[in-house]
Amino acid sequence: MTTAPTTIALLLALLLTPVAAQEQPATPPPATAAAKAAAQRIDDLIASMRAAEAKLQAVSLRMATEGRLPGGLVVSVRGELRAHYGDRRATYARFAYETGDGLRGSAESAQSAAGITLREDDPAFGEVFVAIEPAIVADLEWAGRVLQRDDLPGMTDKAASSPERRAESPLGSGLLSALRRQFDLAIEARDVRDGAKGTWLAGPRRASLGADDPDLPVADRVEVFVRAADLALVSMRQLLGEQAVQIVTVEELTRDPKLGDDAFVVAAPAAGGKPKPVQQFAPLWESIQQACVDAEAKAEKAAAARNKDVPAGQQTPAEVRPSKR
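Each chain has its residues counted from 1, running along the sequence as written. Confidence filtering applies because this is a predicted model: local features only for residues at pLDDT of at least 70, side-chain atom pairs given and counted only at 80 or more, and all residues used for totals across whole chains, interfaces and linings. Each side-chain value is worked out from all heavy atoms of the structure, with water and hydrogens disregarded.

**Considering the pattern of salt bridges**
Whenever a carboxyl oxygen of Asp or Glu lies within 4 Å of a side-chain nitrogen of Lys or Arg, that contact is scored as a salt bridge. One pass over the structure, following the stated rule, counts 20 salt bridges. Notably, a salt bridge pairs Arg 227 with Asp 230, separated by 2.6 Å at the nearest N-O pair. Exposure categories follow from relative accessible area, calculated using a 1.4 Å probe and restricted to protein chains: below 20% of the type maximum is buried, above 50% is exposed, and the middle band is partly exposed. Among the residues examined, Asp 230 registers a relative accessible area of 10% and is labelled buried. Salt-bridge contacts for Lys 324 lead to Glu 296; the nearest nitrogen and oxygen are separated by 3.4 Å.

**Observations regarding the environment of Ala 131**
Helix and strand definitions follow DSSP, with helices as H or I runs of at least four residues and strands as E runs of at least two, each counted in order from the N terminus. Here Ala 131 lies in strand 6 (residues 126–132). Residue classification places Ala 131 among the partly exposed positions, given a relative accessible area of 26%. Residues Ala 131 and Gln 279, spaced 148 residues apart in sequence, show a C-alpha to C-alpha distance of 9.0 Å.

**A short note on the pairing of strand 6**
As a general feature of sheets, a regular strand has side chains that alternate between the two faces. Here a strand pair is declared whenever DSSP counts at least two bridges between the two strands. As defined by bridge partners, strand 5 (residues 115–122) adjoins strand 6 across 7 bridges and the pair is classed as antiparallel. Paired with Ile 116 across the bridge in strand 6 is Ile 132. Sheet analysis places strand 6 next to strand 13 (residues 276–277), joined by 2 bridges and oriented parallel. Looking at strand 13, one finds that Val 130 is bridged to Lys 276.

Structure, rendered in structure tokens:
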């Protein structure tokens, strides 16, 4: 959940971006009745997953991701997520990563109405333990929306396969929707994985995605399994030829667990102490400030275009970050 130019942020961005497409409509409707019926089955599955997600009060899960970065370097990420919805809305995420060449790091974060607490063990900056107050989180959420960025602290629109983004779509409907944007998915005849019943979906990369399309995945094929018992997407493999370039596996998922306040606390470093205000950690603070400045510049540009032919007394001002309103 950091915008600092740390090794961990860069690795996760490279690893998870190929499936970061948001829930946009798929390509034009299929022409045949059979294809339309097949597409409707997928629509119905996603709708069922979303309906189940909407009923959740809390969720706890462990997941693992393995990906191959450009150049062939393999990155393995193991993480856990806890989330509470409704009046006690809060999220907690912790993950550790390791690269094929021996680089290791970890991050732990919690977000609630009190703001964000973030702790990282980063190869570049060492131990980082900071707190981001609610007003700054609000600014970041606004900046992320304006810039359409999914890598800022406090953002709910993160890469669809990341532990943090999974909090917003705990059963994986967001990931399935994102994959459908990129791949021509079809429901397969097989219906079992590791002894559990469910739905297998697979398909090739959509031909309609051009080489310059930001949603173009590295893989040329994907396969996904949605477990019937809880409507959870528990397995995803993206393939390039016969080689897996990204694998996401949900190892454990519990719906509506009992989660106390202590489930959303970031542990202090071994040396102890309280988290420092984010303003005291220059790499992250400068990155946060820059994101807000960039968002305001974009909002100014949008306002200028919007008011171009509007009389002076009727023009609408540019949107600014919440802390300046």
